[in-house]
Amino acid sequence: MRPPVTAIGADPLPPGALEVETVGMTMRFGSFTALEDVSIRVAPGTFHALLGENGAGKSTLVKCIMGFYHATAGQLMVGRREAEIADPRDARALGMGMVYQHFTLVPSLTVAENLVISRADAPVVIDWAKERAGLEAFMAAMPFRVPLDQPVARLAAGEKQKLEILKQLYLGSRFLILDEPTSVLTPDEADEVLGHVRGLCEAGEISVLMITHKFREVTAFADEVSVLRRGRLVGQGHVADLSHAQMAAMMIGAEKEQRPVARSGLRGAPMLELRGVKAADRSGLKEIAVESLTVHAGEIVGIAGISGNGQMELMEVLTGQRAARGGEIRVQGVPYGATRAEAQSHAVRYLPEEPLRNACAPRMSVIENIAFRSFDRNGAGRRFWLSANEMRAAARDLIGAFKVKVADPDGPIAALSGGNVQRAVLARELTGEVKLLVISNPCFGLDFAAVSEIRARIVAARNAGAAVLLMSEDLDEVLELSDRVLVMSEGRITYEVPAAEAKIAEIGHYMGGHAA
Amino acid sequence: MENDLGWWAVPLAVLGGAIRVSTPILFVSLGEMLTERSGRINLGLEGTLVFGAMAGYATAVITGDPWAGVLLAALAGAVFGLVHGLICSMARVNDIAIGIAMMLLGTGLAFYFGKPFIQPVAPDLPSIPFGWWSEVPQVQAALNVNVLFLAGIAAALVLHWGLRSTRPGLILRVVGDSTDAARAMGLRPAVIRTMATALGGAFAGVGGAYLSLFYPGSWNEGISSGQGLMAVALVIFARWQPVNCFWAALLFGGAGALGPALQSVGVTEGYYLFYAAPYVLTLGVLIATSSPNRALAGAPGELSITK
Ligand SMILES: Nc1ncnc2c1ncn2[C@@H]1O[C@H](COP(=O)(O)OP(=O)(O)OP(=O)(O)O)[C@@H](O)[C@H]1O
Ligand SMILES: [Mg+2]
């Protein structure tokens, strides 16, 4: 084990919250500059928010701080001393911890194993009885809990996110970076988690740098805010002095916010019908069962629910990733098996959750990924020889139209920022004729300008006569977009109400599984 | 045959055969399991096995000590694993292709260096006569258990415990399941994978030494009948669990002993079909336990064949 990296001969860092500062941080990927001359200071015991559009360079900045990337130029000061961080291990030795945007838990290990092995001082021989006792004592002192014996692969996204934060607290980090920590949590869960983190800041135990797209969280929990745009620091200030409008203006500069599209058109014929569809849930122990669900043309049906209540499985059944155990799925009155040919002939399009995993080939290029729907089509017919030029031209148009920030269209899609992967997939799925659109958390991880733009596109598809089935953990989104709202709880649809008559309290009640 | 056991001879011979035949398979599959748990696949273990057989035999001939042979076979295996691991640590290198190259290299080198050792006779590895209580020679033969078989059982148990309850074990699983998570923890996946491959190679080397120093107990170029490759299938079949590797190896060994056993009780027709039993069995089990709906349960997330 190497000793922690500090200036030669220096005293150890003082206990408690750390001060962290970047000075003129610049990061280039080849010829592309993701970060240019960024200086941010997080004072000890403060909660600092980092705002910016998708692809602004937020994740890049924090990865440079954590030693995941090596900045092209610039310096890092920890506790007012220059720190040379070669890899995340050095950062951790200094007491800096990070919750990454993409989960970094080990799927096949249990929660307890994940926690113990993440500790730098994990013993060579692990005495599980002792560790269990320690973990349980630690969990008991936390405001939220995660089952210790479950393999992480079995946890829902929300639970994983909680575990990521718990892990950092368990490791005793004194400077915590959170990269969009609440994107998979319900507002209540988010408040609970951030409230606890905020409490630790106030107690002087940790300093926090949080990346977020939610102004509400900035106002409620942060002390200071920094704003990035196209890799540059464009604004900074005390949260108390700034309004949401001012922060938004800093984020997008001169660009205009889009207005929501008005609804028009009439509800048409049933497009998607589910009757008695059953499937195993992700644990294989329980079952999801959808008695009856119909989505008509020209209608958006929103399914609200807390993550892990069967939405993911329902989505997988509809996309053909999970076999149904029974029941019937019909599209335009015809039984539907979710093959590519069927999806193509009925113009069914999907945006599943975690699109990088469920809707992309991560190592193939952005151009190829965008061409998945059309690469073998030649007008109405099929083609055998692909046309690289057409694929490139079509991808270029869509990248422009959906404002996907891509450094290199021939590079792997996995190199895009989280929000830009989402945009690229949406660009692909919303292009061409769309009769049925099945989407899950379409605005996950998008900045607010992108959110209103994407929502406008969804409403536009509906106005053009598409049937839309929307599953979202964001209740506001469901209420804003839907014509009809359903609630899914414990694998079943437990409530249905026209959006005009929907009451948040009532829906929340059913979401929590307290159906009468 | 003075003791005529009739058909009872068949299960006895199968038991004895299972113990004898399974040992090298057990070692190779434990080695392969370790390698795959780190997120790489080493198809070169067949070559390592053959080279280990040669190196062990040669050392035993020269020194007169079979244990020195086992030790050297393990060392040679570790070197082969290390080479595989180091090459695979380079960018854009495919572990399967390197594995096949290492397999050919291992057998080629073994044949080249092994030529002078086909004639000389090496001392055998000792075995423990657990059948002392019986008068029946077949029982005594079946229960004449080699020390390495017991060492294999111990290794499987130790690995089972180690993967669960030691830091190196957990780190190995982390690296095998998620490179991203490992890097976020500050681990160096390439280094850990290389070490796991080297250790896996050592296991395969020991398996080879068993072949030449106990059963069949001589060095020749046809010493391995593909055990090194079967081990790869066995690891999948065993769902990457060390104790399952033991049962799988035993089952495979028992199935392999079926043909000779039938022949020994005087079945003259069709027994050769049973020589294919282990392969048919492996295929059957793999098909029966697979499912189109879920990924192989227990497969390490970074493994190139299951990703
Ligand atoms: N490893 C890489 N190689 C090449 N380009 C990269 C790499 N990582 C990031 N980029 C590019 O750098 C830019 C900034 O990416 P970054 O992930 O920091 O954005 P972000 O601000 O976190 O966005 P989001 O809100 O969507 O997560 C993007 O245009 C991205 O394509
Ligand atoms: Mg990001």
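Residues numbered from 1 in each chain as written. Chains lettered and ligands numbered in written order. Predicted model: local features only at pLDDT ≥ 70, side-chain atom pairs only at ≥ 80, totals over all residues. Heavy atoms only, no water.

Chemist: Describe the overall build of chain A, and please don't skip the residues or the numbers.
Modeler: Counting its secondary structure elements, chain A contains 17 helices and 22 strands. Here chain A has a C-alpha radius of gyration of 24 Å; the compact-globule value for 516 residues is 24 Å, and the two agree. Residues counted as buried form 54% of the 516 residues belonging to chain A. In chain A, of all internal contacts separated by at least 6 residues, the share reaching a separation of at least 24 is 70%. Summed over all atoms, the accessible surface of chain A reaches about 21,800 Å², with 54% contributed by carbon and sulfur. Taken as two groups, the 56 positive and 63 negative side-chain charges of chain A have centres that lie 4 Å from each other. (Helix = DSSP H or I, 4+ residues; strand = E, 2+ residues; numbered from the N terminus. Rg over C-alpha atoms; globule rule 2.2 N^0.38 Å. Buried < 20%, exposed > 50% of the residue type's maximum accessible area, 1.4 Å probe, protein only. Contact = heavy atoms within 4.5 Å. Areas by Shrake-Rupley, 256 points an atom, 1.4 Å probe, with all protein chains shown as cover. Lys, Arg positive; Asp, Glu negative; His and termini not counted. Charge placed at Lys NZ, Arg CZ, Asp CG, Glu CD.)

Chemist: Can you tell me about the nonpolar core, naming the residues and giving the values?
Modeler: Judged by nonpolar contacts, the single largest core of 128 residues is most densely connected at F47, V111, L178 and V208 of chain A together with L30 and W219 of chain B. When sequence neighbours within four positions are dropped, the list of residues in contact with F47 of chain A reads L194, V197, R198, C201, V208, M210, F221, A222, D223 and E224 of chain A. Membership of the second largest hydrophobic core comes to 38 residues, among which are V425, L426, V434 and A466 of chain A. (Core = buried A, V, L, I, M, F, W, Y, C linked by side-chain atoms within 4.5 Å.)

Chemist: Help me get a handle on the side chain of T23 of chain B, residues and values and all.
Modeler: Residues and elements named next belong to chain B. Its place among the elements puts T23 in helix 1 (residues 9-37). According to the relative accessible area criterion, T23 is buried, its value standing at 0%. Dropping the residues within four chain positions of it, T23 is found in contact with L148, F149 and Y210.

Chemist: Would you mind going over the interface of chain A and chain B in detail, with residue names and values included?
Modeler: With 25 residues of chain A at the contact, the number on the chain B side is 21 residues. A buried area of about 2,000 Å², summed over both sides, lies between chain A and chain B, and 57% of it is on carbon and sulfur atoms. Area buried by chain A at its contact with chain B is led by F68, R89 and I117 of chain A, which between them contribute 24% of it. On the surface where chain A and chain B come into contact, there are 2 salt bridges. Where R173 of chain B meets E113 of chain A, a salt bridge forms, and the shortest distance between an N and an O atom there is 3.0 Å. (Buried area = accessible area lost by both parts, 1.4 Å probe. Salt bridge = Lys/Arg side-chain N within 4 Å of Asp/Glu carboxyl O.)

Chemist: Go over the domain arrangement of chain A with me, naming the residues and quoting the values.
Modeler: Residues and elements named next belong to chain A. Split into domains, chain A comes out as domain 1 (20-256), domain 2 (258-347 + 433-516) and domain 3 (362-429). In this structure, domain 2 and domain 3 have C-alpha centres spaced 25 Å apart. Between domain 2 and domain 3, the residue contacts involve 15 residues of the former and 14 residues of the latter. Counting the surface lost from both domain 2 and domain 3, the interface buries some 1,100 Å², and carbon and sulfur atoms represent 45% of this. Three residues, R340, Q344 and R457, lead the burial of domain 2 against domain 3; their summed loss comes to 39% of the area buried on that side. Put simply, domain 2 and domain 3 have 3 salt bridges between them. In this structure, the salt-bridge partner of R423 is D447, at a minimum N-O distance of 3.6 Å. Summed over the shared surface of domain 2 and domain 3, the result is 7 residue pairs in polar contact (both at pLDDT 80 or more). Sorting the residues of the side of domain 2 that touches domain 3 by element identifies helix 10 (340-346) and helix 15 (448-463) as the ones contributing at least two each. Take the side of domain 2 that touches domain 3: its biggest share by element is 4 residues, from helix 15. (Domains from an automatic or database assignment. Polar contact = N/O pair within 3.5 Å; in protein donor to acceptor, adjacent residues only side chain to side chain.)

Chemist: Talk me through the site of ligand 1; I want residue IDs and the actual numbers.
Modeler: All names here are of chain A. Near ligand 1 lie 19 residues; those nearest to it are G55, K58, S59, T60 and S417. In this structure, an oxygen atom belonging to ligand 1 sits 2.8 Å away from a side-chain N or O atom of K58. Separating an oxygen atom of ligand 1 from a side-chain N or O atom of S417 is a distance of 2.7 Å. Here ligand 1, which alone exposes 640 Å², has 87% of that area covered by the protein. Mapped onto the shell around ligand 1, the elements with two or more residues apiece are strand 2 (32-42), helix 1 (58-65) and helix 14 (418-429). Taken together, the residues of the shell around ligand 1 sort by class into 6 nonpolar, 10 polar and 3 charged. Shared between two domains, the shell around ligand 1 takes at least three residues from each, and those domains are domain 1 (20-256) and domain 3 (362-429). (Near = heavy atom within 4 Å. Nonpolar A, V, L, I, M, F, W, Y, C, P; charged D, E, K, R; others polar.)

Chemist: Before we move on, could you go through the sheet that holds strand 9 (residues 224-229) of chain A and cite the residues and values that matter?
Modeler: All names here are of chain A. With mixed pairing, 6 strands are arranged side by side in an open sheet as 6-7-8-3-9-10. Two strands in the sheet have a free side with no partner beyond their single neighbour: strand 6 (96-99) and strand 10 (232-238). Taking each pair of neighbouring strands and ignoring which way they run, the sheet shows an average axis angle of 15 degrees. Pairing between strand 6 and strand 7 (residues 175-179): 4 bridges, direction parallel. Note that in strand 7 the partner of M98 across the bridge is I177. In the packing of helix 8 (residues 244-252) onto the sheet, contacts are made with strand 3 (47-52), strand 9 and strand 10, and the angle to strand 9 comes to roughly 30 degrees. (Pairing = 2+ DSSP bridges. Axes fitted to C-alpha atoms, helices over the stretch in contact; angles between N-to-C directions.)

Chemist: Please provide a residue-by-residue account of the packing of helix 3 (residues 111-118) of chain A against helix 4 (residues 128-140) of chain A, values included.
Modeler: Pairs of packed helices are described in terms of their axes, by the angle between the two and the distance that separates them. Residues and elements named next belong to chain A. Viewed as axis vectors pointing N to C, helix 3 and helix 4 meet at an angle of 95 degrees, and their least axial separation amounts to 11 Å. Considering their axes alone, helix 3 and helix 4 lie roughly perpendicular with respect to each other. Between helix 3 and helix 4, the residues in contact are V111, A112, E113, L115 and V116 and W128, E131, L135 and M139, respectively. The class makeup of the residues in the contact of helix 3 with helix 4 is 7 nonpolar, no polar and 2 charged. (Parallel < 35°, antiparallel > 145°, perpendicular 65-115°, else oblique.)

Chemist: Lay out the environment of E429 of chain A with the relevant residues and their values.
Modeler: Residues and elements named next belong to chain A. Position of E429 among the secondary structure elements: in helix 14. E429 sits in the buried class, given a relative accessible area of 1%. In this structure, the C-alpha to C-alpha distance between E429 and L13, residues 416 residues apart in sequence, is 51 Å. In terms of polar contacts, E429 uses its side chain to reach the side chain of R373, at 3.0 Å.

Chemist: Residues and numbers for the sheet that holds strand 19 (residues 436-440) of chain A, please.
Modeler: Residue and element names in this part refer to chain A. Ordered by their spatial adjacency, 6 strands build an open sheet running 16-19-20-13-21-22, and the pairing between neighbours is mixed. The open sheet has two free edges, formed respectively by strand 16 (348-351) and strand 22 (492-498), since each of these has just one partner strand. Going from strand to strand, the sheet's axes swing by 15 degrees on average, the running direction of each strand aside. Note that strand 16 and strand 19 share 4 bridges and pair parallel. Note on strand 19: the bridge partner recorded for R349 is L437. On the sheet, helix 9 (residues 311-319) packs against strand 13 (299-304), strand 16, strand 19, strand 20 (467-472) and strand 21 (484-489) and is oriented at approximately 145 degrees with respect to strand 20.

Chemist: Outline the packing of aromatic side chains, listing residues and values.
Modeler: Following the criterion strictly, the structure yields 12 aromatic pairs over all chains and no others. Aromatic pair F384 of chain A and W385 of chain A: ring centres 4.9 Å apart, planes at 85 degrees, arrangement edge-to-face. Aromatic pair Y495 of chain A and Y510 of chain A: ring centres 4.2 Å apart, planes at 5 degrees, arrangement stacked. With Y495 of chain A in strand 22 and Y510 of chain A in helix 17 (residues 504-511), this residue pair connects regions lying 15 residues apart in the sequence. In this structure, Y495 of chain A and Y510 of chain A share a single accessibility class: buried. A network of ring pairs unites the aromatic residues F149, F246 and W247 of chain B as a single cluster. A cation over a ring is seen here: R20 of chain B above Y215 of chain B, with NZ or CZ 4.9 Å from the ring centre. (Phe/Tyr/Trp six-rings, centres within 6.5 Å; stacked < 30°, edge-to-face > 60°. Lys NZ or Arg CZ within 6 Å of the ring centre and 35° of its normal.)

Chemist: A description of the pattern of salt bridges should follow, citing residues and the corresponding values.
Modeler: Residue and element names in this part refer to chain A. For the structure shown, the criterion picks out 35 salt bridges over all chains. The partner of R132 in a salt bridge is E136, with the nearest N and O atoms 2.7 Å apart. Taken together, the residues span about one helical turn, with R132 and E136 both in helix 4 at a distance of 4 residues. With relative accessibility at 23%, the residue R132 sits in the partly exposed group. A salt bridge links R340 to D376, with the shortest nitrogen-to-oxygen separation between them at 2.8 Å. One end of the pair, R340, is in helix 10; the other, D376, is in the loop between helix 12 (366-370) and strand 17 (377-378), with 36 residues separating them in the sequence. With relative accessibility at 35%, the residue R340 sits in the partly exposed group. Salt bridges here are not isolated pairs; linked through shared partners, they connect R267, E299, R484 and E496.

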